[in-house]
Every structure is written in structure tokens, then in C-alpha cells.
Amino acid sequence: MDLLERFARGDLDAFETLFRQFEGDVYRWALRLVRDPATAEDVTIEAFWRIYCARARFDARRPFGAWARRIACNVAIDHLKRDRRREAMVSILRRRPPVSASAAGHDVEGLVRSAIRELPPRLHAVATLAIVEEVPHAEIATALGISESAVKARRFRAVRLLRRKLEKLGVMP
Amino acid sequence: MTDEQDRAVEELIRAARSATGLGGPERDLWPRVRNCLDRPRGVRPSAIDWALVAIGLGWCLWSPETFAAVLYHF
């Protein structure tokens, strides 16, 4: 029986073979989005756990790598959402504005990084993949399960939002 | 806003964050994946479940007699 069919039936040896084959790719996509090696490892583990749980829905005629990549991106975006909520909660509890709201005492790069973290996670993901990592739009579209025109639109919206934030901070003229 | 200004923002983003490179994880992650598979995970309540609980609690606080009615039906 084919490796993918064995995996879809719940064969753990087949799953381990697929894990060994694709963990590097899944990890790199996670790292591109979450930017921290330890968190990227957690995302990789969570992604493979979800992959195994969703094995019955996997179509063995389709490429496993693209499917795994999409799940990993969803897990990473979930992580970005949690991170953003946590940061918002901390700033409310400490009764002080988010880091990017005050330019004083921060270097420009730090302010830009904070402003990126405050973007809505779906825009954050596209901006990081397209601008920082220079991943082609078609590849991002496949990984996120959206169209190429949606990738372009999100990139455009992310840049405009960041521009407004940076103008408020006095970073942009 | 012009394309040039957008490009300037993109340059700032690139300067603030560098690409992550092509490395893989530093340790073997398979044992941790196996642990996750072996450990039974409880059902996670969704946001809708929490919203329903909040509505129920709010309702009981707003009209305490509802709470007695709910208890009666249980």
C-alpha cells in the first residue's frame, strides 16, 4: 500500500516517515511567521498533531507537503493571534499604551518591529512572507489557501497600515 | 500615498527584520509529536460555547428567578 494511503489509515510508521520527510519544510514556514526557533518548534509539533488528527480528511492523490504547509501556516497564524491578544491584554493591565504608541526611547527598527506585531495576524503573515522572506506570491497563496490577488491585496493593506502607524510615530515623513 | 512611499515602508520592514534562512529544527521533534499523539486531549470549548455560557450567566444575574427556573429543569 502507498505511504500516503497508509498514513490516511492511521499507520504511525507511515506518519513518522512523512514527518521525517517534511518536518524541515514545516518548521521553516513556521519560523518565517513566528520568528522564534523555540516557538517554531512548538508550532511544528502542533501542526503535525493536527495533521495526524485530520488524516481521514486527507486526499492521498494530493501533495502531502502543500497540505502540511497550509496546516502549519494556520497554526502559526493562530499563534500570532494569541500573541497579539496577550500583548493587548498586558498593555491594558499595565495601563500603558502598546510599545509602538510612544516613539521616545526606541530605535527605528524596534518601532517598526512592534508596529508589524500589531498588524492583524493575516496581514502580518503576508507582509512577513512577501516583504521580509521574499516568498513568491503564488507560493504564499498556496500556503495560506487564498488567491494570489488576495495576497497582493493583503500586502498592500499591510504596507498602508504600517505607513500610517509609522507616520504617527514620526518614523515616516 | 505613492508607490515610492510604499517602497520606503517595505525597505524599513526589511531593515527591521532579516530573513530566517534555511535551517531546520535543532533537535529531534518526533518524540514530542509522539507524546502529543499518546496524550488524550480534552475537548476544547469554542468561542461560541464561551459566549453562550456568558449569556447564560448574564441572564441569571439580570433576572435571578431565571436561575431558579433553570435549576428546576435540571
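This text follows the structure it describes.
So, here is what we can say about the structure in this document.

All right, on to the interface of chain A and chain B then. With 42 residues of chain A at the contact, the number on the chain B side is 32 residues. With both sides pooled, the region where chain A packs onto chain B buries about 3600 Å², and carbon together with sulfur makes up 63% of that total. On the chain A side of the interface with chain B, the three residues burying the most area are Glu 41, Ile 45 and Trp 49 of chain A, jointly 18% of the side's total. When the shortest N-O distance is used, the salt bridge between Arg 14 of chain B and Glu 134 of chain A registers 3.5 Å. Run the count over chain A and chain B and you get 13 residue pairs in polar contact (both at pLDDT 80 or more).

What follows is about unusual backbone geometry. All names here are of chain A. At Arg 35, a position not held by glycine, the phi torsion is positive, near 65°. Here Arg 35 shows up in the loop between helix 2 (12–34) and helix 3 (37–53). One non-glycine residue, Glu 134, adopts positive backbone phi at about 55°. Looking at the element boundaries, Glu 134 is found in the loop between helix 6 (121–132) and helix 7 (137–144). You can call Glu 134 exposed: its relative accessible area is 55%.

Now for the packing of helix 5 (residues 108–117) of chain A against helix 1 (residues 3–16) of chain B. Running from amino to carboxyl end, helix 5 of chain A crosses helix 1 of chain B at an angle of 105°, the nearest separation of the two axes being 9 Å. Looking at the two axes, helix 5 of chain A sits roughly perpendicular to helix 1 of chain B. Contact residues: Val 108, Glu 109, Val 112, Arg 113 and Ile 116 of chain A in helix 5 of chain A; Leu 12, Ile 13, Ala 15 and Ala 16 of chain B in helix 1 of chain B. Looking at the contact of helix 5 of chain A with helix 1 of chain B, its residues break down into seven nonpolar, no polar and two charged.

To continue, consider a nonpolar patch on the surface. On the surface, Ile 48, Leu 52 and Ile 55 of chain B cluster together to form a nonpolar patch covering roughly 340 Å² of accessible area. With respect to the element layout, Ile 55 of chain B can be found in helix 3 (residues 47–62).

Now for the nonpolar core. In this structure, Phe 7, Phe 15, Phe 48, Ile 51, Phe 64 and Ile 140 of chain A together with Val 33 of chain B are the most contacted members of the largest nonpolar core, which totals 46 residues. Residue assignment for this core shows that the elements contributing at least two residues are helix 1 (3–8), helix 2, helix 3, helix 4 (64–93), helix 6 and helix 7 of chain A together with helix 2 (30–38) of chain B. Among the elements that take part in this core, helix 2 of chain A stands out by supplying twelve residues, more than any other. Among residues more than four places away in sequence, those in contact with Phe 64 of chain A are Leu 4, Phe 7, Leu 18, Phe 22, Ile 51 and Phe 58 of chain A. Core analysis: the next-biggest nonpolar cluster, separate from the first, contains 17 residues, Leu 111, Val 112, Ala 115 and Ile 116 of chain A among them.

Moving on, we come to the pattern of salt bridges. Throughout the structure, instances matching the rule amount to 22 salt bridges over all chains. A salt bridge links Asp 28 of chain B to Arg 20 of chain A; its shortest N-O distance comes to 2.7 Å. In this pair, Asp 28 of chain B sits in the loop between helix 1 and helix 2 while Arg 20 of chain A sits in helix 2, so the two residues belong to two different chains. You can call Asp 28 of chain B partly exposed: its relative accessible area is 42%. Notably, a salt bridge pairs Asp 42 of chain A with Arg 32 of chain B, separated by 2.7 Å at the nearest N-O pair. With Asp 42 of chain A in helix 3 and Arg 32 of chain B in helix 2, this residue pair bridges two chains. Assessed through its relative accessible area of 42%, Asp 42 of chain A is described here as partly exposed. Taking the relative accessible area as the measure of exposure, Arg 32 of chain B reaches 33% and is therefore partly exposed. Within the structure, one salt-bridge network assembled from shared partners comprises Glu 134 and Arg 155 of chain A together with Glu 10, Glu 11 and Arg 14 of chain B.

Turning our attention to the packing of helix 2 of chain A against helix 3 of chain A. Residues and elements named next belong to chain A. One can describe the packing of helix 2 onto helix 3 by two numbers: an axis separation of 8 Å at closest approach and a directional angle of 140°. It follows from the interaxial angle that helix 2 and helix 3 lie oblique. In the crossing of helix 2 with helix 3, the sense of the turn from one axis to the other is right-handed. Residues Leu 12, Phe 15, Phe 19, Phe 22, Glu 23, Val 26, Tyr 27, Ala 30, Leu 31 and Val 34 of helix 2 lie in contact with helix 3, whose contacting residues are Pro 37, Thr 39, Ala 40, Glu 41, Val 43, Thr 44, Ala 47, Phe 48, Ile 51 and Tyr 52. In terms of residue class, the contact of helix 2 with helix 3 is made up of 16 nonpolar, two polar and two charged.

Conventions and cut-offs
Residues numbered from 1 in each chain as written. Chains lettered and ligands numbered in written order. Predicted model: local features only at pLDDT ≥ 70, side-chain atom pairs only at ≥ 80, totals over all residues. Heavy atoms only, no water. Contact = heavy atoms within 4.5 Å. Buried area = accessible area lost by both parts, 1.4 Å probe. Salt bridge = Lys/Arg side-chain N within 4 Å of Asp/Glu carboxyl O. Polar contact = N/O pair within 3.5 Å; in protein donor to acceptor, adjacent residues only side chain to side chain. Helix = DSSP H or I, 4+ residues; strand = E, 2+ residues; numbered from the N terminus. Buried < 20%, exposed > 50% of the residue type's maximum accessible area, 1.4 Å probe, protein only. Axes fitted to C-alpha atoms, helices over the stretch in contact; angles between N-to-C directions. Parallel < 35°, antiparallel > 145°, perpendicular 65-115°, else oblique. Nonpolar A, V, L, I, M, F, W, Y, C, P; charged D, E, K, R; others polar. Patch = residues over 30% accessible without salt bridge, like charges linked within 9 Å, V, L, I, M, F, W, Y side chains within 5 Å. Areas by Shrake-Rupley, 256 points an atom, 1.4 Å probe, with all protein chains shown as cover. Core = buried A, V, L, I, M, F, W, Y, C linked by side-chain atoms within 4.5 Å. Left-handed = near helix turned anticlockwise from the far one by under 90°.

Any link to function would need more than the numbers given here.
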